Amino acid sequence: MAQLLIVDDEAHVVDRLATTVDWESVGIDQVYKAYSGQEALEQLHQFSIDIVITDIRMPGMSGLQLISEIKRQWPKTKSILLSGYSEFNYAKQAMQFQTEDYLLKPVKTADLLATVERVLLKLKQEWEEVISAQRMTYTLKEHLPLLRASLLQELLQGKLWSRQTLREKMSRLELGDRDWERFSLMAIRLDDRFGEFAEEDMSWKEYAVANMAEELFGGRYSLWHAKDAHDYLIFLLTPKDEAERDDPGWLERTASVLQSAVGVYLKGKISVLVSGAGAFPEDVPGFYNRSITAFRNRIGQEPEQFMRLEEKESEPAAIRSLDCLYEPPALIHLLEAARWEAVEERYKRIFAGVEGSVSVSEEHLLEIYFTMASAYAYIAHKNGRLLNETLGTDYNRMTTGMPLRTVQHLREWAFRTLKALQEDMAKETKDNRHSLIERIRSFIDDNVTGDISLQSVADYVKLHPVYVSKVYKLETGENLSDYIQRAKMEEAQSMLRRSDEKVYVIAARLGYQRPHSFISAFKKTFGMTPQEYRDGQPQ
């Protein structure tokens, strides 16, 4: 749905168009009003306006000046010009350069709606062009290194795709779709003086190391690299020529040359680990995890070390870590983003892996339990809640130690507590929104004869007007402006029944600058004018 702004120094024109035209029928969700060019600019700074309908002649800033400023600051916003008959040629000429269309006053509702609908269609087509294949290709090239690194990071963490899907992803990123059958992994840690650099200097040094690696290895190998969570530079290398596979020692010799070059030209030290050949992509996460383990257990903190990852080297078979419990995005981040389906899928994978393993111990169950429990506590406390208020009796079981001795019991507890957390957060969100709607309606009802606008309501509840508008529509199914209008009309009925005040006085008390706008709105709501309504009341 789109948003529209009506601008005219004749307030009755603005009010009539805003309140009597069925804007929703053509896809307009929110209508804003301004009675001068300057006020229109203020509205444009606050709200995301799609279409502006403006009069051509206004005191101060004219309609053409306003359109020119809109084109400069909000080039995607479309403008429609209103003009009198005597200004026809002037408006037509201006339209050719700056506006989408012009309409003669007094404008017919059908013509106005047809024009707005056509402009909205043009706006939609322009946005579709923005996301077209040609524009996406250009954007892809602009961000190619970042996108390549992101895909490699996902491979390192063990994310799985079908072979066809992965080929397509790599092809789009210009990584080739045939060459990556066998690969070697090289991990580089920046040591020693590199830690002395500021963050921006460090980024430049990492970039320099990657370029030096490309220069040294690129003649024989295709390289693909990314920086991991440990700040290591991880390279995948695949030979460009089948004959290169016959000289595995070349990688080690060249890695030594890289260490020397970094020391001479960048005045720093690096440690390098090189693996043997593996099958792509299935061996990528295993090689990567073994490399990180080797850095931790074999290389340690000593700078400028070199190591070859032995092909038979692997983690002890007796104890295996639960990798899927920690793969990104972390469980705590999934809960924080309320991605409930993703959490359920993660739980299913965790328990599928545990139930299919013969080496699962009580410690593994404890690992799963404490990871989930700590994530629950973090989310509850971040939302200002106590965990015992959320989990109830399941929380009481948590305080007695480890109450879950079997995989089945742990599985049941995990899904049960996840559902309780989800329901609690959904209820809190619903309660917060319900409370907000009540505050909004109370403010409108108490100030129906005062300054009631979306901005004044937003100021009262101390939230952004766009958010207020969207939440109100989401929770109630109607626009906030509809409720304001209904409240004014109900108050108008009451004032017409209980007082003898003139219609124009009642109109002014309800915020209508022109009686004609009030009469039009009243007739649209009740099918009769205010005077006809008053005359029909029993004496």
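Our subject is the structure listed above.
Quantities reported herein were computed from a predicted structural model and do not represent experimental measurements.

Undergrad: Can you walk me through the overall build of the protein chain in this structure?
TA: The secondary structure content of the protein chain amounts to 23 helices and ten strands. Residue burial in the protein chain is summarised as follows: out of 539 residues, 44% are buried. Residue pairs at least 24 apart in sequence account for 67% of intrachain contacts in the protein chain once pairs closer than 6 positions are excluded. Roughly 29,000 Å² of accessible area belongs to the protein chain as shown, and the carbon and sulfur atoms make up 50% of that amount.

Undergrad: Is there a simple way to think about the environment of His333 in this case?
TA: Turning to its location among the elements, His333 is positioned in helix 12 (residues 331-336). Note on His333: relative accessible area 47%, which makes it partly exposed. Once the C-alpha coordinates of His333 and Ala375 are considered, the two residues, 42 residues apart in sequence, prove to be 8.8 Å apart.

Undergrad: Whenever I open this one, the packing of helix 1 (residues 11-20) against helix 22 (residues 515-526) confuses me. Can you help?
TA: Helix-helix packing is characterised by the crossing angle of the two axes and by the distance between the axes. Between helix 1 and helix 22, whose axes approach to 8 Å, the crossing angle comes to 15 degrees. Here helix 1 is positioned roughly parallel relative to helix 22, judged by the angle of their axes. Here helix 1 and helix 22 pass one another in a crossing that is right-handed. In contact with Ala11, His12, Asp15, Arg16, Thr19 and Thr20 of helix 1, helix 22 contributes His516, Ser517, Ser520, Ala521 and Lys524.

Undergrad: Any chance you could explain the pairing of strand 8 (residues 233-239) here in plain terms?
TA: Side-chain direction in a regular strand flips from residue to residue, so the side chains alternate between the two faces of the sheet. Taking burial as the measure, the seven residues of strand 8 include seven buried ones, the bulk of the element. Here strand 8 shows two buried faces, one formed by Leu233, Phe235, Leu237 and Pro239 and the other by Ile234, Leu236 and Thr238. Pairing of strand 7 (residues 221-227) with strand 8, which is carried by seven bridges, proceeds in the antiparallel orientation. Paired with Leu223 across the strands is Leu237, a residue of strand 8.

Undergrad: Looking at this structure, I do not really get the environment of Tyr221. What am I missing?
TA: Along the polypeptide, Tyr221 turns up in strand 7. Of the residues examined, Tyr221 reaches a relative accessible area of 5% and is grouped as buried. Linking Tyr221 and Thr238, residues 17 residues apart in sequence, is a C-alpha distance of 5.3 Å.

Undergrad: I keep staring at the sheet that holds strand 6 (residues 182-191) and nothing clicks. Help me out?
TA: Note: strands within a sheet are paired through backbone hydrogen bonds, in either parallel or antiparallel orientation. Taken together, five strands build an open sheet; the order of strands is 7-8-6-9-10 and the sheet is mixed. Edge positions in the sheet fall to strand 7 and strand 10 (306-309), since each of these pairs with one other strand and no more. Each strand of the sheet is rotated relative to its neighbour by a mean of 20 degrees, with strand direction disregarded. The pairing of strand 6 with strand 8 spans five bridges and is antiparallel. Each bridged residue has a counterpart across the sheet, and for Met186 the counterpart in strand 8 is Phe235. Packed on one face of the sheet, helix 10 (residues 249-265) meets strand 6, strand 7, strand 8, strand 9 (269-279) and strand 10 and runs near 160 degrees to strand 9. The strands that helix 11 (residues 284-299) touches are strand 6, strand 8, strand 9 and strand 10; relative to strand 9, the one it contacts most, it runs at about 145 degrees.

Undergrad: I'm lost on the packing of aromatic side chains in this one. Help?
TA: How two aromatic rings sit relative to each other is given by the distance of their centres and the angle of their planes. Summed over the entire model, instances satisfying the criterion amount to 21 aromatic pairs. Relative to Phe287, the ring of Phe183 lies with its centre 5.3 Å away and its plane at 50 degrees, an arrangement referred to as tilted. Here the residue Phe183 occupies a position in strand 6, and Phe287 occupies one in helix 11, the gap between them amounting to 104 residues. In terms of burial, Phe183 and Phe287 fall into one category: buried. Relative to Trp413, the ring of Tyr369 lies with its centre 5.0 Å away and its plane at 50 degrees, an arrangement referred to as tilted. Remark: Trp413 occurs in helix 17 (residues 407-446) and Tyr369 occurs in helix 14 (residues 362-382); sequence separation between them is 44 residues. A relative accessible area of 2% means that Tyr369 is categorised as buried. Residue classification places Trp413 among the buried residues on the basis of a relative accessible area of 1%. Members of the aromatic cluster, each reached through a chain of ring pairs, are Trp180, Phe183, Trp224, Phe280 and Phe287. Here the basic side chain of Arg290 rests over the ring of Phe287, its NZ or CZ set 5.4 Å away from the ring centre.

Undergrad: Explanation requested: the packing of helix 17 against helix 19 (residues 465-476) in the structure shown.
TA: Direction vectors running N to C along helix 17 and helix 19 enclose 110 degrees, while the axes themselves pass 10 Å from each other. Classified by the angle their axes make, helix 17 and helix 19 are roughly perpendicular. Side by side, helix 17 and helix 19 meet where Lys430, Arg433, Leu436, Ile437, Ile440 and Arg441 of the first sit next to Tyr467, Val468, Val471, Tyr472, Leu474, Glu475 and Thr476 of the second. Broken down by class, the residue content of the contact of helix 17 with helix 19 amounts to eight nonpolar, one polar and four charged.

Undergrad: For this particular structure, what's the right way to read the nonpolar core?
TA: Where a protein is soluble and globular, its nonpolar side chains tend to be buried together. Among the nonpolar cores identified, the biggest contains 33 residues, and Leu5, Val7, Leu44, Ile440, Ile444, Val468 and Leu480 are the most heavily contacted of them. In terms of residue count, helix 17 provides more of this core than any other element does, five residues in total. When neighbours within four sequence positions are excluded, Ile440 is seen to be in contact with Val457, Val461, Val468, Tyr472 and Leu480. Counting residues in each nonpolar core, the second largest holds 31 residues, with Leu325, Leu335, Leu391 and Trp413 among its members.

Undergrad: Honestly, the sheet that holds strand 2 (residues 28-34) in this entry has me stumped. Any pointers?
TA: Across the sheet, which stays open at both edges, the five strands sit in the order 2-1-3-4-5 with parallel pairing between neighbours. Two strands in the sheet have a free side with no partner beyond their single neighbour: strand 2 and strand 5 (101-104). Neighbour-to-neighbour, the strand axes of the sheet open up by a mean angle of 20 degrees, direction not taken into account. Bridge count between strand 4 (residues 78-83) and strand 5: four bridges; the pairing is parallel. Among the inter-strand pairings, Ser83 is bridged to a residue of strand 5, identified as Leu104. Across the sheet, helix 2 (residues 37-46) is in contact with strand 1 (2-7), strand 2 and strand 3 (51-55); its angle to strand 2 comes to roughly 140 degrees.

Undergrad: Where do I start with the side chain of Glu206 in this structure?
TA: Tracing the chain through its elements places Glu206 in helix 9 (residues 199-217). The exposure class assigned to Glu206 is buried, which follows from its relative accessible area of 12%. The contact partners of Glu206, leaving out residues within four places of it in the chain, are Leu190, Lys227 and Leu233.

Undergrad: How should helix 19 be read in this particular structure?
TA: Structurally, the α-helix is built with 3.6 residues per turn, so residues lying three or four positions apart point the same way. Between its first and last C-alpha, helix 19 extends 16 Å over twelve residues, near the 16 Å set by a 1.5 Å rise per residue. In the core, the buried residues of helix 19 are packed alongside strand 2, helix 2, helix 17, helix 18 (454-461) and helix 20 (480-498).

The rules behind each value
- Residues numbered from 1 in each chain as written.
- Predicted model: local features only at pLDDT ≥ 70, side-chain atom pairs only at ≥ 80, totals over all residues.
- Heavy atoms only, no water.
- Helix = DSSP H or I, 4+ residues; strand = E, 2+ residues; numbered from the N terminus.
- Buried < 20%, exposed > 50% of the residue type's maximum accessible area, 1.4 Å probe, protein only.
- Contact = heavy atoms within 4.5 Å.
- Areas by Shrake-Rupley, 256 points an atom, 1.4 Å probe, with all protein chains shown as cover.
- Axes fitted to C-alpha atoms, helices over the stretch in contact; angles between N-to-C directions.
- Parallel < 35°, antiparallel > 145°, perpendicular 65-115°, else oblique.
- Left-handed = near helix turned anticlockwise from the far one by under 90°.
- Pairing = 2+ DSSP bridges.
- Phe/Tyr/Trp six-rings, centres within 6.5 Å; stacked < 30°, edge-to-face > 60°.
- Lys NZ or Arg CZ within 6 Å of the ring centre and 35° of its normal.
- Nonpolar A, V, L, I, M, F, W, Y, C, P; charged D, E, K, R; others polar.
- Core = buried A, V, L, I, M, F, W, Y, C linked by side-chain atoms within 4.5 Å.
- Expected span 1.5 Å × (residues − 1).

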